[in-house]
Structure formats: C-alpha cells, structure tokens
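# Summary of structural features
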Amino acid sequence: MDKTFSPQNIEQQCYQAWENNGYFKASGEGQPYCILLPPPNVTGSLHMGHGFQQTIMDTLTRYHRMKGDNTLWQCGTDHAGIATQMVVERQLNAQGKTLSLIHISEPTRPY
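Scope of this entry: the structure provided in the associated data block. Note that the structure is predicted; figures quoted are calculated from it, not measured.

What follows concerns the overall build of the protein. Summing up its helical and strand segments, the protein has three helices and two strands in all. Moving toward the C terminus, one meets the helices and strands of the protein in the order α-β-α-β-α. The proportion of buried residues among the 111 residues of the protein is 15%. The contacts of the protein with a sequence gap of at least 6 include a subset with a gap of at least 24, amounting to 68%. Working note: accessible area of the protein is about 8,900 Å², and carbon and sulfur atoms make up 58% of it.

Next comes the structure, spelled out in structure tokens:
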C-alpha cells in the first residue's frame, strides 16, 4: 500500500463517467434546491470544520443534481459575524473611528 493517498487514480474514472453522463449540467428543471456557500472567514483562518462543511455542501448539491433537482450552490454572506465585526472595528480604530460613530448613511470601506 502506498504511504500517501492518491485520489486521482480512483476519482478520474468516476469523474469522467459523471462528465460523460452530464451530471454536472444544470437542467433548469426539477424541484429547486439551493445551498448558500459562505465565503472564508474574514480572519483568514480555516480549520477542519470548514473542510467538513464544504464536503457536506458539495455532496448534498451533487446528490440533488443527480436526482434531477434544479440545484444551485450560491455564494452567500460571511457567517462569522463576530470575527468580522472584530476585524472591522480594528480597522476603524486604526482610522481613529469607532463603530458607534459610524452612521448608516455614511459609506465606509473597512476592507
């Protein structure tokens, strides 16, 4: 047995069969099915939980597409609100501002 796993040896045949059968093509028909894909955390720190979450979403989306559902894996919004707020507040503080001084009508560009 090889010391490291080489998925391309196994996956290439499966992937090619899926491509040949059109499993990745959106049909525009069937029951709607959508998963919102959150972007990476604003902190840039990824962990095993992110990989696990992506795997589950990928599997569910592919499953529903293979069932004939009209699937969409849509980019969503940042789910790490507390981490995002912390980063934004630090950037505002570096500009001499605080979150409490920012008004909704005042456009900010924290990034």
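Okay, back to it.
Attention now moves to the pattern of salt bridges. Under the criterion given, the structure shown has one salt bridge. A salt bridge links Asp 58 to Arg 62; the shortest N-O distance between them is 2.8 Å. Linking Asp 58 with Arg 62, this pair stays in helix H2 (residues 48–66), spanning four residues, or about one helical turn.

Right, let's talk about a nonpolar patch on the surface for a bit. On the surface, Phe 52, Ile 56 and Leu 60 cluster together to form a nonpolar patch covering roughly 280 Å² of accessible area. By secondary structure assignment, the location of Leu 60 is in helix H2. Residue class for Leu 60 comes out partly exposed when judged on its relative accessible area of 35%.

A few words on the environment of Leu 36. Secondary-structure assignment places Leu 36 in strand S1 (residues 32–37). Placed 21 residues apart in sequence, Leu 36 and Met 57 show a C-alpha to C-alpha distance of 8.8 Å.

Look at H2: 27 Å from first C-alpha to last across 19 residues, which is about the 27 Å you get at 1.5 Å a residue. Regarding H2, the residues found buried are His 50, Met 57, Thr 61 and His 64. Seen end-on, H2 carries its buried residues on one side only, within an arc spanning 75°. With respect to the buried face of H2, the exposed residues turned more than 90 degrees away are Met 48 and Phe 52. Positioned one or two residues after H2, Gly 68 has a phi angle of 100°, which is positive.

Attention now moves to the side chain of Thr 61. Mapped onto the fold, Thr 61 is located in helix H2. A relative accessible area of 5% means that Thr 61 is categorised as buried.

This part is about the side chain of His 64. Turning to its location among the elements, His 64 is positioned in helix H2. At a separation of 2.7 Å, a polar atom in the side chain of His 64 contacts the side chain of Asp 69. Ignoring anything within four residues of it in the chain, the contact list for His 64 reads Tyr 33, Asp 69 and Thr 71.

Reading guide: rules and limits
- Residues numbered from 1 in each chain as written.
- Predicted model: local features only at pLDDT ≥ 70, side-chain atom pairs only at ≥ 80, totals over all residues.
- Heavy atoms only, no water.
- Helix = DSSP H or I, 4+ residues; strand = E, 2+ residues; numbered from the N terminus.
- Buried < 20%, exposed > 50% of the residue type's maximum accessible area, 1.4 Å probe, protein only.
- Contact = heavy atoms within 4.5 Å.
- Areas by Shrake-Rupley, 256 points an atom, 1.4 Å probe, with all protein chains shown as cover.
- Salt bridge = Lys/Arg side-chain N within 4 Å of Asp/Glu carboxyl O.
- Patch = residues over 30% accessible without salt bridge, like charges linked within 9 Å, V, L, I, M, F, W, Y side chains within 5 Å.
- Expected span 1.5 Å × (residues − 1).
- Arc of directions from axis to C-beta.
- Polar contact = N/O pair within 3.5 Å; in protein donor to acceptor, adjacent residues only side chain to side chain.

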